[in-house]
Amino acid sequence: IHGVLQYIMAFPSVYEMFVEDLTTVRKQHFWEYFSGSTLNSRWTERNGISGDGTVSTSYAVMADEVNGGVKISSNTGTWGKTALSFNGKRQFDATASVMIFNGRRTGHNIGYNITGLNDSVMTWDNAPQEVGIKNYSGDSSFKVITSDGTQQSETDFNPTVAVDTNFHQFKIINTSTSNSGYIDGVLGLSKTTNRPTGKVQPQMLAMTYYAEQASVINQINYVECYNT
């Protein structure tokens, strides 16, 4: 331990322990383990039926279970939504970034989870710049979903991976030519249509299906995002 402390103290900063070229500015990089009893203040909750959402009752709570992370329950109404985001602080490049997360869909057996990078605080449709992974109980496979700000589209993983309610590790790699989705380390799709090109933020959404009133849960226990 003494030797380790001496090694650390030889550097004036943590950054200099890992980067030799000090003329290069390190790019944006964050990670979140969703531990403890309260949600970190970097996250802003929005819930409701449409629009930006106003929070009168919180639907995002820390799970009281081992490695449970945060449970984001959809607002209980027709097309009810709940989302966590950086509240409009778009720090990541949709054409040069990576997002990694561990998550699952639980709660009511009909509904949506979408987790990814988005320039809005609660919406996944044609208007936002977005790239994410969709877990919808009515689909046969996980999907990569994107929008260029005008048109949204989604494509099944290939080979297809059946949607379920288990935890999986997901990874989204965004480049200037494609948005690639991985599940448990296996490439499922490199999507080249309707691709976002702007600045985006992490967003985690749970949404009920039409006419369903019970909550769908997007449960996340790890998120990491960085620019490349």
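Model, not experiment: these values are computed from the prediction.

As for the pattern of salt bridges
Applying the stated criterion across every chain, the model contains seven salt bridges. A salt bridge links Lys-134 to Glu-154, with the shortest nitrogen-to-oxygen separation between them at 2.9 Å. Of the two residues, Lys-134 is situated in strand β9 (residues 129-136) and Glu-154 in strand β11 (residues 152-156); the sequence distance between them amounts to 20 residues. With a relative accessible area of 7%, Lys-134 lands in the buried category. Each of the salt bridges in this network shares a partner with another, and the network as a whole consists of Glu-65, Lys-71 and Arg-104.

Thoughts on the nonpolar core
Counting residues in hydrophobic clusters, the biggest one holds 30 residues, and the most contacted among them are Phe-34, Phe-101, Met-204 and Val-223. Listing elements by their share of this core, those giving two or more residues are β3 (60-62), β4 (70-73), β7 (97-107), β9, β12 (168-174), β15 (199-208) and β16 (216-227). If near-sequence neighbours (up to four positions away) are discounted, Phe-101 is found in contact with Thr-115, Ile-133, His-168, Gln-169, Phe-170, Ile-172, Ile-220, Tyr-222 and Val-223. The next biggest cluster of nonpolar side chains, apart from the first, holds ten residues, and it includes Tyr-112, Met-122, Leu-205 and Met-207.

Let's talk about a nonpolar patch on the surface
Taken together, the side chains of Ile-49, Trp-79, Tyr-209 and Tyr-210 make up a nonpolar region of the molecular surface, amounting to roughly 390 Å² of accessible area. Structurally, Tyr-210 can be placed in the loop between β15 and β16.

Reading the values: rules and limits
- Residues numbered from 1 in each chain as written.
- Predicted model: local features only at pLDDT ≥ 70, side-chain atom pairs only at ≥ 80, totals over all residues.
- Heavy atoms only, no water.
- Salt bridge = Lys/Arg side-chain N within 4 Å of Asp/Glu carboxyl O.
- Helix = DSSP H or I, 4+ residues; strand = E, 2+ residues; numbered from the N terminus.
- Buried < 20%, exposed > 50% of the residue type's maximum accessible area, 1.4 Å probe, protein only.
- Core = buried A, V, L, I, M, F, W, Y, C linked by side-chain atoms within 4.5 Å.
- Contact = heavy atoms within 4.5 Å.
- Patch = residues over 30% accessible without salt bridge, like charges linked within 9 Å, V, L, I, M, F, W, Y side chains within 5 Å.
- Areas by Shrake-Rupley, 256 points an atom, 1.4 Å probe, with all protein chains shown as cover.

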